[in-house]
Amino acid sequence: MYFAVITILPEMFTAVSEFGITGRAVQNKQVTIECINPRDFTTDNYRRIDERPFGGGPGMVMMAEPLAKAIEYAKSQASQHGCATDAAHCPVIYLSPQGGTLNETKVMALRQYDAMILLCGRYEGIDERLLQRYVDMEISIGDFVLTGGELPAMVLMDSVIRRLPDVMGDAKSAEQDSFVEGLLDCPHYTKPHEFEGLTVPEVLLSGHHANIAKWRFVEQVKRTKQRRPDLWQQFTPNAEQARLLKKVKDEIK
Ligand SMILES: Nc1nonc1C(=O)NCc1ccc(Cl)cc1
């Protein structure tokens, strides 16, 4: 997958491109991340990308033209990576609190694209005319306000990259075994057997995989009911989960 990131702080993106599972996906060429700085598309000596807001008020607003040129360049780069650059194949996504909130369903839907162009704002905002003309999708990572769109863009990239085929290997397959879709995760334990007087649930040491899978599912259901009744409300069990739920219904009261 090809990610073009429009940002005046490209150095921030080493956090995704050079570390961990996302860094390895870049190294393995499963993912390409190209940062494009709108400052490189300015024409004045000061390389201006922001100006005072019309109508007055505090702070600065990002100007449309440098961003428009940066996005056009990103599209040409995407097509050089063999990606179609129409909105259906390579959406321009603006990260902002005004967008629809990102969740696992949206992450799974984002995997379908060959490429995406992530627009990261700073200051008070981006000229509305740029958003009108160039942005296909607006996404928020939550109802709070940050100083810029870079961290939300990295959150989005991380969540999509970990869901690409062959990126997570065994961890992903384990994840699928534990009925994780739509439920909170179960507790996890590892060595040592005892930590500050606390031990490990016996079933996890039994080597009995069916019982272990059942225990994990019950713990996920209990946690989801306790901590996120809203998620539990929406949870629609598949056939296997419905069968298990019936078997364990007294345990999950
Ligand atoms: N919450 C969020 N989910 O996505 N983005 C955010 C967020 O706070 N962005 C800060 C931001 C976004 C645009 C501009 Cl111009 C300035 C600052």
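These figures come from a predicted structure and were not determined experimentally. Residue positions within a chain follow its written sequence, with the count starting from 1. The predicted origin of the model limits local features to residues at a pLDDT of at least 70 and limits the giving and counting of side-chain atom pairs to 80 or more, whereas totals for whole chains, interfaces and linings rest on all residues. The basis for every side-chain value is the complete set of non-hydrogen atoms in the structure, without hydrogens or water.

K.L.:
What exactly am I supposed to notice about helix α2 (residues 20-27) here?
P.N.:
Residues that lie three or four places apart on an α-helix share one face, since the helix turns once every 3.6 residues. Among the residues of α2, those classed as buried are T22, G23 and A25. Seen along its axis, α2 keeps its buried residues to an arc of 160°; they face one direction. With respect to the buried face of α2, the exposed residues turned more than 90 degrees away are G20 and Q27. The contact rule is simple, with two residues in contact once any of their heavy atoms fall within 4.5 Å. A run of H or I in DSSP becomes a helix once it reaches four residues, and a run of E becomes a strand once it reaches two; helices and strands are each numbered from the N terminus. Where α2 is buried, its residues meet α1 (14-17) and α6 (150-161). Positive phi appears at K29, one or two residues downstream of α2, with a value of about 65°. The buried label applies to any residue whose accessible area, calculated with a 1.4 Å probe on protein chains only, is under 20% of its type's maximum; exposed applies above 50%, and partly exposed to all values in between. In this context, the arc is that of the directions from the helix axis out to the C-beta atoms.

K.L.:
What am I meant to see in the site of the ligand here?
P.N.:
Any residue with a non-hydrogen atom lying within 4 Å of a molecule or strand is treated as near it. The ligand sits among 18 residues. The nearest are R122, I141, G142, F144 and L146. Contact distances for the ligand include 2.8 Å between a nitrogen atom and a backbone N or O atom of F144. Each accessible area is a Shrake-Rupley estimate made with a 1.4 Å probe; only the visible protein chains count as cover when residues are assessed. Calculation on the ligand without its partners gives an accessible area of 420 Å², and the protein chains cover 96% of this total. Think of a 1 Å grid over just the protein atoms. A cavity is a set of points where a 1.4 Å probe fits yet cannot get out, a pocket is an open set with protein on both sides within 12 Å along at least five of seven lines, and lining residues have an atom within 4 Å of a point. Pocket or cavity membership: a molecule qualifies when more than half of its atoms sit within 2 Å of the grid points of that site. Here the ligand is seated within the second largest pocket. Listed by contribution, the elements that provide at least two residues to the shell around the ligand are β5 (92-101) and β8 (137-140). Ranked by the residues each element gives to the shell around the ligand, the list is headed by β5, at four residues. Here the term charged refers only to Asp, Glu, Lys and Arg, the term nonpolar to Ala, Val, Leu, Ile, Met, Phe, Trp, Tyr, Cys and Pro, and the term polar to all other amino acids, Gly among them. Residues of the shell around the ligand, tallied by class, amount to 10 nonpolar, seven polar and one charged. Contacts described as polar in this section are N or O atom pairs within 3.5 Å, which, within protein, must combine one atom able to donate a hydrogen with one able to accept it, while residues neighboring in sequence count only if both atoms come from side chains.

K.L.:
Looking at this structure, how should I read the domain arrangement of the protein chain?
P.N.:
Size of an interface: often given as the accessible area lost when the parts come together. For the protein chain, the domain assignment lists domain 1 (2-161) and domain 2 (178-247). Domain extents, as shown, originate in an automatic or database domain assignment. Here domain 1 and domain 2 have C-alpha centroids that lie 37 Å from each other.

K.L.:
I tried to follow the nonpolar core on my own but got confused; where do I start?
P.N.:
Generally speaking, soluble globular proteins have nonpolar side chains that are buried together. In this structure, F3, L110, M116, L118, L156, M157 and V160 are the most contacted members of the largest nonpolar core, which totals 26 residues. Secondary structure elements with two or more residues in this core: β1 (2-6), β5, α4 (104-110), β6 (115-119) and α6. A per-element tally of this core places α6 first, with six residues. Residue contacts for L110: discarding those within four places in its chain leaves M1, I93, L102, M116, M137, I139, L156 and V160. To form a nonpolar core, buried Ala, Val, Leu, Ile, Met, Phe, Trp, Tyr and Cys residues must be joined to one another through side-chain atoms within 4.5 Å.

K.L.:
What should I look at first to understand the layout of surface pockets in this one?
P.N.:
The method is simple in principle: a probe with the dimensions of a water molecule rolls over the atoms, and the space it marks as empty is what remains. In this structure, the second largest pocket occupies an estimated 430 Å³ of space. Along the walls of the second largest pocket sit 25 residues, with Y94, L95, S96, P97 and Q98 positioned nearest its centre. Those elements that provide at least two residues to the lining of the second largest pocket are β5, β7 (125-126), α5 (128-134) and β8. Looking at the lining of the second largest pocket, its residues break down into 12 nonpolar, nine polar and four charged. Grid points are joined across faces, edges and corners, and a volume is the space filled by probe spheres set on the points.

K.L.:
What am I meant to see in the UniProt feature "binding site: S-adenosyl-L-methionine" (unreviewed entry) in the protein chain here?
P.N.:
UniProt positions are given in the numbering used here, feature names are shortened, and annotations may be inferred rather than shown by experiment. As recorded in UniProt, the sites labelled "binding site: S-adenosyl-L-methionine" (unreviewed entry) are G121, I141, G142, D143, F144, V145 and L146. Of the annotated set, the members that line the second largest pocket are G121, I141, G142, F144, V145 and L146. Residue position: G121 is located in the loop between β6 and β7. Take G121: its relative accessible area is 10%, and that puts it in the buried class.

K.L.:
Would you mind going over the packing of helix α8 (residues 209-227) against helix α10 (residues 239-248) with me for this structure?
P.N.:
A packed helix pair is summarised by two numbers, namely the angle formed by the two axes and the spacing between the axes. One can describe the packing of α8 onto α10 by two numbers: an axis separation of 11 Å at closest approach and a directional angle of 85°. With respect to α10, the element α8 is oriented roughly perpendicular. Of the residues in α10, those touching α8 at K214, F217, V218 and V221 are Q241, L244, L245 and V248. Its residues assigned to classes, the contact of α8 with α10 shows six nonpolar, one polar and one charged. Orientation is described by lines fitted to C-alpha atoms, with helices fitted over the stretch in contact, and by angles between N-to-C directions that extend from 0 to 180 degrees. Here the angle decides the label: under 35 degrees means roughly parallel, over 145 means roughly antiparallel, 65 to 115 means roughly perpendicular, and every other value means oblique.

K.L.:
Sorry, what's going on with the packing of aromatic side chains here?
P.N.:
For any two aromatic rings, the description comes down to two numbers: the centre-to-centre distance and the angle of the planes. Note on aromatic contacts: the rings of Phe and Tyr and the six-membered ring of Trp form a pair at centre separations within 6.5 Å, being stacked when their planes are under 30 degrees apart, edge-to-face when over 60 apart, and tilted otherwise. Under the criterion given, the structure shown has three aromatic pairs. Seen in terms of ring centroids, F41 and Y73 are 5.5 Å apart; in terms of plane orientation they differ by 45°. Their pairing is tilted. Taken together, the residues span a long stretch of sequence, with F41 in the loop between β2 (32-36) and β3 (50-51) and Y73 in helix α3 (residues 64-80) at a distance of 32 residues. You can call F41 buried: its relative accessible area is 19%. Under the relative-accessibility criterion, Y73 is labelled partly exposed at 34%. Taken together, a centroid distance of 6.5 Å and an interplanar angle of 55° make the contact between Y189 and W215 tilted. On the criterion of sequence distance, the pair formed by Y189 in the loop between α7 (170-177) and α8 and W215 in helix α8 is long-range, its members being 26 residues apart.

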